[in-house]
Amino acid sequence: MQGVLNVASIVDRWFIALLQETQPSGGGILNALGNAGQWFIGLFQAGAKVFTSYMTDIVPLLIVLLTAVYALTNLIGEERVHRAARFAARTIFTRYTLLPLLAVFFLTNPMCYTFGVFLEEKYKPAFYDSAVSFVHPILGLFPHANPAELFVYLGVAKGLQDQNLPLGPIAVRYFIVGLIVIFVRGLFTQYITFFLARRQNIEL
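Calculation notes
- Residues numbered from 1 in each chain as written.
- Predicted model: local features only at pLDDT ≥ 70, side-chain atom pairs only at ≥ 80, totals over all residues.
- Heavy atoms only, no water.
- Helix = DSSP H or I, 4+ residues; strand = E, 2+ residues; numbered from the N terminus.
- Buried < 20%, exposed > 50% of the residue type's maximum accessible area, 1.4 Å probe, protein only.
- Contact = heavy atoms within 4.5 Å.
- Areas by Shrake-Rupley, 256 points an atom, 1.4 Å probe, with all protein chains shown as cover.
- Salt bridge = Lys/Arg side-chain N within 4 Å of Asp/Glu carboxyl O.
- pLDDT = per-residue confidence, 0-100.
- Axes fitted to C-alpha atoms, helices over the stretch in contact; angles between N-to-C directions.
- Parallel < 35°, antiparallel > 145°, perpendicular 65-115°, else oblique.
- Left-handed = near helix turned anticlockwise from the far one by under 90°.
- Nonpolar A, V, L, I, M, F, W, Y, C, P; charged D, E, K, R; others polar.
- Core = buried A, V, L, I, M, F, W, Y, C linked by side-chain atoms within 4.5 Å.

> Help me understand the overall build of the chain in this model?
Along the backbone of the chain there are eight helices and zero strands. Every one of the 204 residues in the chain was classed for burial, and the buried ones make up 27%. Summarising the internal contacts of the chain: among those between residues at least 6 apart in sequence, 61% fall at separations of at least 24. Of the roughly 13300 Å² of accessible surface on the chain, a fraction of 69% belongs to carbon and sulfur atoms.

Given below as structure tokens:
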């Protein structure tokens, strides 16, 4: 009997603790659970707001840009674009700067890597390294090139917008630095490719 009374006393104290969330102090287990639930649903509400802003801002911009680029490609002509790609593949400088730029701008990610068809086999690994490294730096000026990963640039842009800073200068700097980086990466990857080929007696 004494054990039953002890259990009843414990249950009473537990219910009293649960009811304490009605007090002005805001304590109690139910209040804590309520705050946790509000915080949890707040995450999804914030995500919904971001999604809504994308649907009214970023998505229409991407659609217009993609349409404009495809129209430009049709106006220029596919053969002329390929001719420019073949020209860009000739020298070591344009091979790892102009060629990736043309590929990412006109074909977007991931189709841009198909421009490697204009290169000899020994240059293809370096071209891929350059092209794959440029799908982010181009987003500031041409977000249509890689819309699936646009959130990377938007994360940086949001911080600047919160500080009331313009996005134009950072987009241009991001683009220029990207060209420098992909050129350096192309050179290093080409050197590594040649070194490994010689070391393993592979003729490329």
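Next comes the rest of the description.
> Honestly, the pattern of salt bridges in this entry has me stumped. Any pointers?
Any two side chains of opposite charge can pair, given that their charged atoms come close. All told, the structure shown has four salt bridges when counted by the stated rule. Its salt-bridge partner being K124, residue E121 comes within 2.7 Å of it at the nearest N-O pair.

> What exactly am I supposed to notice about the confidence of the model for the chain here?
Any segment with low pLDDT has predicted coordinates that should not be analysed in fine detail. Overall, the predicted model of the chain reaches an average pLDDT of 78, with 78% of residues at or above 70. Here helix α1 (residues 2–19) stands out as the least confident element of the chain, with mean pLDDT 52; helix α6 (residues 124–132) is the most confident, with 93.

> What exactly am I supposed to notice about the packing of α6 against helix α8 (residues 168–199) here?
A packed helix pair is summarised by two numbers, namely the angle formed by the two axes and the spacing between the axes. Orientation of α6 relative to α8, taken along the N-to-C sense of each, is 155°, at an axis distance of 8 Å. Compared by their axis directions, α6 and α8 come out roughly antiparallel. Our pair here, α6 against α8, has a crossing hand that is right-handed. In this structure, α6 uses P125, A126, D129 and S130 to contact α8, whose residues at the interface are I182, R185, G186, T189, Q190 and T193. Of the residues that constitute the contact of α6 with α8, the class distribution is three nonpolar, five polar and two charged.

> What exactly am I supposed to notice about the nonpolar core here?
Where a protein is soluble and globular, its nonpolar side chains tend to be buried together. Formed by 24 residues in total, the largest nonpolar core has its most connected members in L99, V104, F115, L119, F127, F134 and I138. Residue assignment for this core shows that the elements contributing at least two residues are α3 (78–88), α5 (98–107), α6 and α8. The biggest single contributor to this core is α5, with six residues. Beyond its immediate sequence surroundings of up to four residues, L99 is in contact with A85, A88, A89, T94, F115, L119 and F127. Grouped together as the second largest cluster of nonpolar side chains are five residues, L139, L150, A157 and A171 included.

> I'm lost on unusual backbone geometry in this one. Help?
Excluding glycine, a negative phi dihedral is what most residues carry, and trans is how most peptide bonds are arranged. Residues N109 and P110 are joined by a peptide bond in cis, for which omega reads 10°. By the secondary structure assignment, P110 is in the loop between α5 and α6. Positive phi outside glycine occurs at N164, with the angle close to 60°. When you line up the elements, N164 lands in the loop between α7 (150–162) and α8.

> So what exactly am I meant to see when it comes to α5 here?
In an α-helix, one turn spans 3.6 residues; hence positions three or four apart end up facing the same way. The buried fraction of α5 amounts to seven of the ten residues, a majority that puts the element mostly inside the structure. Looking one or two residues past α5, T108 carries a phi angle of roughly 60°, positive in sign.

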